[in-house]
Amino acid sequence: LAISSGYTFVGRGYALNPKATSQLIAQAVAHRGTSFIDIVQTCPVYNDLHTKEYYAEMVDGKSRMYWLENTDYDAVVHDPTNAEEVIEKKLQAIGKAYESTTQIPLGCYYKIDVPTFEDQISTGRPNGMDSILHPNLWERDLSKLVDSLR
């Protein structure tokens, strides 16, 4: 959902691994753009299935949780102008998210460096923030919108 919503940094951490999760959060905070991190955590009150022991289990001889940085997984879009690469990385990240039925991948799933909203405002709007904060709502042509609603 975060990737399809346009987040430019998407990851997953584990609450009972605070050192690695805090490093992931630091990466998200340092990232210029919108970030989303899903934190997997246990709930001793309402969920007796996904306990600390459940997450620590081995599945088919492998740890249930693993960090993507310890694999050859590359979450970074290296050329944001290449639409094929962007789509490929988004699909790759979504595929990793669905992998959590057997093993749970942790770390950065997707990262792309593109101009932020502030960057776009400073370069793409003739009056900067004034055009957003004080838009001219009275002198607009709404005929196409009205025609499409007929």
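What counts and how
- Residues numbered from 1 in each chain as written.
- Predicted model: local features only at pLDDT ≥ 70, side-chain atom pairs only at ≥ 80, totals over all residues.
- Heavy atoms only, no water.
- Core = buried A, V, L, I, M, F, W, Y, C linked by side-chain atoms within 4.5 Å.
- Buried < 20%, exposed > 50% of the residue type's maximum accessible area, 1.4 Å probe, protein only.
- Helix = DSSP H or I, 4+ residues; strand = E, 2+ residues; numbered from the N terminus.
- Contact = heavy atoms within 4.5 Å.
- Phe/Tyr/Trp six-rings, centres within 6.5 Å; stacked < 30°, edge-to-face > 60°.
- Lys NZ or Arg CZ within 6 Å of the ring centre and 35° of its normal.

Caption draft 1: A look at the nonpolar core. Counting 17 residues, the largest nonpolar core has Val10, Tyr73, Ala93, Tyr109 and Tyr110 as its most contacted members. Going through the elements one at a time, strand S1 (9-14), helix H1 (18-30), helix H3 (83-98) and strand S6 (104-111) are the ones with two or more residues in this core. The element that contributes the greatest number of residues to this core is S6, accounting for three residues. Those residues within four positions of Tyr73 in sequence are excluded, and the remaining contacts are Leu68, Gln92, Ala93, Lys96, Cys108 and Tyr109. Listed in part, the eight residues of the second largest apolar core include Tyr14, Trp67, Ile104 and Leu106.

Caption draft 2: Representation of the packing of aromatic side chains in the model. If you walk through the whole model with that rule in mind, you get three aromatic pairs. Grouping aromatic residues by their ring pairs yields a cluster made of Tyr14, Tyr54 and Tyr55. A cation sits over an aromatic face here: Arg64 above Tyr54, 3.7 Å from the ring centre.

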